[in-house]
Amino acid sequence: MKTFFTLLLAALAFAATAQTQHIPYQGAAVGPQNRILKNKTVQLRLSILDSSSTGNVVYQETHSVTTDSKGLFSVSIGGGTPVLGSFSQVVWAAGAKFLQTEMDTALSGVFLPLGTTELKSVPYALYAQSAQ
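Residues numbered from 1 in each chain as written. Predicted model: local features only at pLDDT ≥ 70, side-chain atom pairs only at ≥ 80, totals over all residues. Heavy atoms only, no water.

Here's the deal with the overall build of the protein chain
Line of reasoning, step 1. What the protein chain contains, in helices and strands, is two helices and seven strands.
Line of reasoning, step 2. When the helices and strands of the protein chain are read in sequence order from the N terminus, they spell out α-β-β-β-β-β-β-β-α.
Line of reasoning, step 3. Looking at the protein chain residue by residue over its 132 residues, the buried ones come to 29%.
Line of reasoning, step 4. A sequence separation of at least 24 residues applies to 58% of the contacts in the protein chain between residues at least 6 apart.
Line of reasoning, step 5. Accessible surface, the protein chain: about 8300 Å² in total, of which carbon and sulfur atoms supply 58%. (Helix = DSSP H or I, 4+ residues; strand = E, 2+ residues; numbered from the N terminus. Buried < 20%, exposed > 50% of the residue type's maximum accessible area, 1.4 Å probe, protein only. Contact = heavy atoms within 4.5 Å. Areas by Shrake-Rupley, 256 points an atom, 1.4 Å probe, with all protein chains shown as cover.)

Here is the structure:
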């Protein structure tokens, strides 16, 4: 009976994990004069763009993160506070997708662009689930 409950809990944990499809994202917070922002709370705004680095925003979210002693942070794209769209509704199979990153170091609501990069193979694995 104990084994049955252990297996049941393991199955429930796996099912919960399988339903939570996110993309891990790490970065370093750097401020003016290229100073590393150590142990500082910053706001991130992450946007998924369609087709090109200047394409339409299909999903956008924000994260409030505190950097570590080296200025590093980690977030899960798809696990932030949604601003526009739904992460689960992004159509990964419909052309290229790009990630635009913006940061607000003053917590003022003004986000400065950090860059845009094309998402490659790992996020497209999210599409594999619908191909079953």
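Let's talk about the sheet that holds strand 5 (residues 81-84)
Line of reasoning, step 1. One open sheet accounts for five strands, arranged 5-3-2-6-7; its pairing is antiparallel. Each edge of the open sheet carries a strand with a single partner, namely strand 5 and strand 7 (112-118). For this sheet, the mean inter-axis angle between neighbouring strands, taken without regard to orientation, is 25 degrees.
Line of reasoning, step 2. Alignment of strand 2 (residues 41-50) against strand 3 (residues 57-66), held across nine bridges, turns out to be antiparallel. Paired with I48 across the strands is Y59, a residue of strand 3. (Pairing = 2+ DSSP bridges. Axes fitted to C-alpha atoms, helices over the stretch in contact; angles between N-to-C directions.)

Observations regarding the environment of Q100
Line of reasoning, step 1. Within the secondary structure layout, Q100 lies in strand 6 (residues 97-104).
Line of reasoning, step 2. In this view, Q100 contacts R45, L46, S47, L49, G115 and T116; residues no more than four positions away in its chain are not counted.
Line of reasoning, step 3. Engagement of the side chain of Q100 in a polar contact is seen with the side chain of E102, the distance being 3.3 Å. (Polar contact = N/O pair within 3.5 Å; in protein donor to acceptor, adjacent residues only side chain to side chain.)

Concerning the nonpolar core
Line of reasoning, step 1. In this structure, I48, I77 and W92 are the most contacted members of the largest nonpolar core, which totals 18 residues.
Line of reasoning, step 2. Mapped by element, the contributors of at least two residues to this core are strand 2, strand 3, strand 4 (72-77) and strand 6.
Line of reasoning, step 3. The element contributing the most residues to this core is strand 2, with four residues. (Core = buried A, V, L, I, M, F, W, Y, C linked by side-chain atoms within 4.5 Å.)

Brief notes about the environment of D104
Line of reasoning, step 1. Structurally, D104 is set in strand 6.
Line of reasoning, step 2. Classification of D104 by relative accessible area gives buried; the value is 2%.
Line of reasoning, step 3. Taking the C-alpha atoms as reference, D104 lies 9.4 Å from T41; in sequence the two are 63 residues apart.
Line of reasoning, step 4. Leaving out residues up to four positions away in the same chain, D104 has contacts with V42, Q43, G109, V110 and F111.
Line of reasoning, step 5. Of note is the side chain of D104, whose polar atom sits 3.1 Å from the backbone nitrogen of A106.
Line of reasoning, step 6. Within the structure, the side chain of D104 is placed 2.9 Å from the backbone nitrogen of L107, a separation counted as a polar contact.

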